[in-house]
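# Summary of structural features
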Amino acid sequence: MTTSPGPLAGIRILEVGHILAGPYATMMLADLGAEVTKIEPPTGDLSRQVSDAYFASLNRGKRSICLDLTTEDGQRRLGELAAESHALLVNLKPSAIRKYGLTYDALRRFNDKIVCVALTGYGLDEGDDPAFDYVIQAVAGVADLTGDPSGPPTLPGYSAADNSTGLTAALGLLAQIVSGRGGQVEVSLRDVMLSQLNYRASAYLNEGTAPRRMPNGAHSYYVPAQLFPTSEGTLALFITHDGFWRTFAAEAGVDGFETMAERAANRDEVLAVVTEALAGDTAAGWESRLRPLGVPAAAVRSLPDALEATPSMIVEAGDFRLVGSPIRVDGYEPEYGAPPRLGEHGTLPVG
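All of the points below concern the structure found in this document. Positions within a chain are numbered from 1, following the residues in the order the chain's sequence is written. For this predicted model, a pLDDT threshold of at least 70 governs which residues receive local features, and a threshold of 80 or more governs which side-chain atom pairs are given and counted, while totals over whole chains, interfaces and linings are taken from all residues. With hydrogens and water stripped out, all remaining heavy atoms of the structure feed into the side-chain values.

## Some details on the sheet that holds strand β1 (residues 12-17)
Taken together, the six strands give an open sheet; going across it, the order is β3-β2-β1-β4-β5-β6, and neighbouring strands pair in parallel fashion. Of all the strands in the sheet, the pair left with one neighbour each is β3 (63-66) and β6 (183-188). Neighbour-to-neighbour, the strand axes of this sheet turn through a mean angle of 20°, independent of strand direction. Any two strands between which DSSP finds at least two bridges are classified as paired. Here a helix means four or more residues in a row that DSSP labels H or I, a strand means two or more in a row labelled E, and each is numbered from the N terminus. By the bridge criterion, five bridges tie β1 to strand β4 (residues 87-91) in an arrangement that is parallel. Counted as the bridge partner of V16 is V90 from β4. The criterion used for residue contact is that any of the two residues' heavy atoms lie within 4.5 Å. Axis lines are fitted through C-alpha atoms, for helices just across the contact stretch, and the angle between N-to-C directions can take any value from 0 to 180 degrees. Together, β5 (115-120) and β6 form the strand contacts of helix α8 (residues 189-196), whose direction differs from that of β6 by roughly 65°.

## Focus: the packing of helix α10 (residues 242-252) against helix α12 (residues 267-278)
Their axes nearest at 10 Å, the elements α10 and α12 cross at an angle of 45°. Classed by the angle they form, the pair α10 and α12 counts as oblique. Both α10 and α12 take part in a crossing whose hand is left-handed. Along its contact with α10, which presents W245, F248 and A252, the element α12 presents V270, V274, A277 and L278. When residues are grouped by polarity, Ala, Val, Leu, Ile, Met, Phe, Trp, Tyr, Cys and Pro land in nonpolar, Asp, Glu, Lys and Arg in charged, and all others, Gly among them, in polar. For the contact of α10 with α12, the residue count by class is seven nonpolar, no polar and no charged. Oblique is the label for any angle not under 35 degrees, not over 145, and not in the 65 to 115 range, which are roughly parallel, roughly antiparallel and roughly perpendicular in turn. A crossing counts as left-handed when the near helix is turned anticlockwise from the far one by less than a right angle, and as right-handed when that turn is clockwise.

Any functional reading would require information beyond the geometric quantities listed.
Printed below as a string of structure tokens:
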């Protein structure tokens, strides 16, 4: 039961967009108590065509108003909604954002305090080139860094670019609301992914060190910090400082390589010694031995196993079981509403 209003109670946000990045951003805000209204075309958000469960995973707790923004009536209603809202987040190609009047310049006449967030592939002034998640991971260099060095580039098993950009867009929206000023905010998938390559990019820009793929997902600085085979299963081990190494080495019966610099300079030798030691137990066994000692280590789990191990993260939203908000606010428990039916909270006739 909610013991206090959500931190965003009273904040009214409009959303225009499809599929993932924009809807994920506003769902995170709805989980924190904002009133989020999806403005959907007569055909609905494209994610409704994927599956009901897919749509629910990005749109719980929102309202849905069906408007045809190509009509005068649709534009009139858009202005009315903008007049009573704090922000609009739109996730469309730049030409559509301008065509439908979804910018601050177009909406300020209705409300000069409204915050308009444009979530695009490359930027509001960078054209309409297709910008889906996997394409952006290729463009920004993420795919080139992922996978085994002897194999082709690969991608993670989820929409990393869309989700990351959604969270960044939510941050930009809130920052501008806090400023007390209306205005245009831009967030692009490409720029967010380049930003998230932070230390990789810095190494290249400042030291000339071009990033490269490492076997078993190894970290470029820390050794050992990667996936290791065991007698059964795979272990993720992440040794980031000498204290972790001393504890791990004592438990695993490994000698030498006492400093980070020494381990980095002798990467191959360190990995060989660690691999041999880890072969003496299972991944689950090593996890149970190392985690109580404070050493960062975990057996690789499937998503079903991870969900089963974390029941507190599973919530009910109408008829759907979903992963809940990762943000915990003392004294507040989100009330996860059902995903809205298309036009459930208002529909204008198609003109």
